[in-house]
Amino acid sequence: METGTATVKRGLAQMLKGGVIMDVVTPEQAVVAQEAGAVAVMALERIPADIRAAGGVARMSNLELIGRIMDAVTIPVMAKVRIGHVAEAQVLQQIGIDYIDESEVLTPADDRYHVDKEAFTTPFVCGARDLGEALRRIAEGAAMIRSKGEAGSGNIVEAVRHIRAISDAIAELRVAPKEELVVRARDLGAPLELVRQVAHEGRLPVVLFCAGGVSTPADAALMMQLGAEGIFVGSGIFKSKNPAAFARAIVDATTHFRDPKVVVEACRSLGAAEAMPGIDVRTLDETQLMATRGT
Amino acid sequence: MRVGVLALQGGVDEHLDALARAGGQAVPVRTPVELEGVAALVIPGGESTTVMKLLARIGLIEPIVARVAAGMPLWGTCMGAIVAARDVAGLAQPTLGVLDVTVRRNAFGRQNESAEVPIDIPALGIERFPAVFIRAPWIERTGPGVEVLARRGERIVMVRQGNVLATAFHPELSADTRIHRFFVDATEASRAVPGKRSDAA
């Protein structure tokens, strides 16, 4: 019997495809998410919009809170560690979390290096803004990638930019002549072996979700049409005026993203409930941007 | 002879690929109309609470149950086994109830206990199948007419009851297509039996 193999680590992400992973800060919210059809929850002390508002240093969440959320639901539970904080990751593995998110939403612990994720039995998901970043994280052992977007902004533009950057770069590799791949690997800052694999298969070797800015059912359907295999929703649900309705509507729109009729029904099911307030990302200065943390 | 893969959520593409590699013609099934066009159905791995809700919302529960009653081959892997089962131990979770077993969810543990384990399936003549278990269930009770096909240690991880097959593991995640080939063959055989209704709801 072998645990912690690439197959089982990547395999759990494969079983989450087509689904929505929701940020929750209480066991009650976790139940709301599960009832709405979430495939997993991300256990947090504060959702990204509140982390953004609070400022200061954001760290791994309280273990007692994470434990109560794990007890409250039967779906997988994920939690975040700071970029490069190997000890926080060891702690989460020890308490039996199902997936670790080495996340730019928290304040980075290491400004040069990420965690060696191959050393863990627990699988990791990491954010990426482009193909090179995605392949560097996979080389470190990430078993799932999410496009970063700009967390807590309620603005989909960065998520679109990042998923397009990844998809476009994959499309270019697919048609690139073999002799170009060494130079392209150098330019991407990614291992040649992974670049060759992506060129051959036309997709990342792990599941690709989208994150950072999804706040309506139509946002979710957009990201799925752009090639995301599933959706992370952070602030978009529990910062809306009707979390249960938003959660269910975003799940429906993600499942049936090809069918505008279902997306219409999902939008209508919200009635007059408002989505979370949004931020024009161009008004944020460098110190307020999360996506640029960890490259 | 088209084999459908329920494509609401989960490891759909992996089954479509594996069925194709096993010589089958596989198509995704998302609606009652698409279900009418297939001779058999695979319910993949995924999250069972999520998929039961999605099945109910799209009106697929009754059509699937009726087709299975009429003889359509059904194969559930991991979540699919949970969805097919009569009931779920310790949880009041809705299921299709087309397989007379009780399953226990996440019975082998959380993700850190997910593992690759070789298992033997004597009734199918398969030795050392590289079974991938991910937050896997086991089968705790089997009703009359349910045949145990494989165990991991003491625990039941593969069963068959008439036209319904269930595995607690994920054959679609390994390169080995022997179980997929068995299901494709069983689908063809079910259509070849004279007088057996398997194409009408």
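Preceding this paragraph is the structure being described.
Residues numbered from 1 in each chain as written. Chains lettered and ligands numbered in written order. Predicted model: local features only at pLDDT ≥ 70, side-chain atom pairs only at ≥ 80, totals over all residues. Heavy atoms only, no water.

### Here's the deal with the overall build of chain B
Along its length, chain B carries 6 helices and 12 strands. The C-alpha atoms of chain B give a radius of gyration of 15 Å, which matches the 17 Å a tight globule of 201 residues would have. In terms of overall dimensions, chain B has a C-alpha envelope of 40 × 35 × 35 Å along the principal axes. In chain B, which comprises 201 residues, the proportion classed as buried is 60%. Once local pairs closer than 6 in sequence are excluded, the contacts in chain B between residues at least 24 apart make up 65%. Per element, the accessible surface of chain B, about 7,300 Å² overall, is 50% carbon and sulfur. If you average the places of the 22 positive and of the 21 negative side-chain charges in chain B, the two averages end up 3 Å apart. (Helix = DSSP H or I, 4+ residues; strand = E, 2+ residues; numbered from the N terminus. Rg over C-alpha atoms; globule rule 2.2 N^0.38 Å. Buried < 20%, exposed > 50% of the residue type's maximum accessible area, 1.4 Å probe, protein only. Contact = heavy atoms within 4.5 Å. Areas by Shrake-Rupley, 256 points an atom, 1.4 Å probe, with all protein chains shown as cover. Lys, Arg positive; Asp, Glu negative; His and termini not counted. Charge placed at Lys NZ, Arg CZ, Asp CG, Glu CD.)

### What about the nonpolar core?
Counting 111 residues, the largest nonpolar core has Met223 of chain A together with Leu55 of chain B as the members making the most contacts within it. Once residues within four sequence positions are removed from consideration, leucine 55 of chain B is found in contact with Leu6, Leu8, Leu60, Ile61, Ile64, Val83 and Leu96 of chain B. Counting residues in each nonpolar core, the second largest holds 32 residues, with Leu16, Ala115, Phe129 and Leu165 of chain B among its members. (Core = buried A, V, L, I, M, F, W, Y, C linked by side-chain atoms within 4.5 Å.)

### Some words on the environment of isoleucine 156 of chain A
All names here are of chain A. Looking at the secondary structure, you find isoleucine 156 in the loop between β7 (144–147) and α7 (157–175). Along the backbone, isoleucine 156 and threonine 216 are 60 residues apart, and their C-alpha atoms lie at a distance of 9.6 Å. Not counting residues within four places of it along the chain, the set of residues in contact with isoleucine 156 comprises Gly213, Val214, Asp219, Leu222 and Met223.

### Side note on the interface of chain A and chain B
Opposite the 40 residues of chain A that make contact, chain B presents 35 residues. The contact between chain A and chain B buries some 3,000 Å² in all, and 51% of this surface belongs to carbon and sulfur atoms. Considering only the side of chain A, the residues that lose the most area to chain B are Met15, Lys17 and Thr74 of chain A, jointly responsible for 23% of the buried surface there. Inspection of the chain A/chain B interface yields 6 salt bridges. (Buried area = accessible area lost by both parts, 1.4 Å probe. Salt bridge = Lys/Arg side-chain N within 4 Å of Asp/Glu carboxyl O.)

### Quick look at helix α5 (residues 86–94) of chain A
Residues separated by three or four positions in an α-helix point in the same direction, a consequence of the helix having 3.6 residues per turn. Residue and element names in this part refer to chain A. Among the residues of α5, those classed as buried are Glu88, Ala89 and Leu92. Down the axis of α5, the buried set is contained in an arc of 100°. They therefore lie on one face. Where α5 is buried, its residues contact α4 (63–72), β4 (77–82), β5 (99–103) and β6 (124–128). In the stretch just after α5, glycine 96 is the one whose phi turns positive, near 85°. (Arc of directions from axis to C-beta.)

### Section: the packing of α7 of chain A against helix α9 (residues 192–201) of chain A
Residue and element names in this part refer to chain A. Relative orientation of the contacting elements α7 and α9 amounts to 85°, with a least axis distance of 7 Å. Between α7 and α9, the interaxial angle falls into the category roughly perpendicular. Between α7 and α9, the contacting residues are Ile170, Leu173 and Arg174 on the first element and Val195, Val198 and Ala199 on the second. (Axes fitted to C-alpha atoms, helices over the stretch in contact; angles between N-to-C directions. Parallel < 35°, antiparallel > 145°, perpendicular 65-115°, else oblique.)

### Structural notes on the sheet that holds strand β8 (residues 126–133) of chain B
Pairing within the open sheet is antiparallel, and its 3 strands lie in the order β1(A)-β7(B)-β8(B). For this open sheet the edge positions go to β1 (2–3) of chain A together with β8 of chain B, each flanked by a neighbour on one side alone. Relative to strand β7 (residues 115–121) of chain B, β1 of chain A runs antiparallel, the two being bridged by 2 bridges. Bridge assignment links threonine 3 of chain A to a residue of β7 of chain B, and that residue is alanine 115 of chain B. (Pairing = 2+ DSSP bridges.)

### Observations concerning unusual backbone geometry
Residue and element names in this part refer to chain B. The phi dihedral of arginine 128 is positive, around 45°, even though this residue is not glycine. Along the chain, the position of arginine 128 falls in strand β8. A positive phi is found at arginine 135, a non-glycine position, where the angle reads about 40°. Considering the arrangement of structural elements, one finds arginine 135 in the loop between β8 and β9 (138–142).

### Quick notes on the pairing of strand β2 (residues 25–29) of chain B
Residue and element names in this part refer to chain B. Alignment of strand β1 (residues 2–6) against β2, held across 5 bridges, turns out to be parallel. Pairing of arginine 2 across the sheet is with glutamine 25, part of β2. Regarding topology, helix α1 (residues 12–21) serves as the crossover connection from β1 to the parallel β2, and that connection is right-handed. (Right-handed = clockwise from strand over helix to strand, strands pointing away.)

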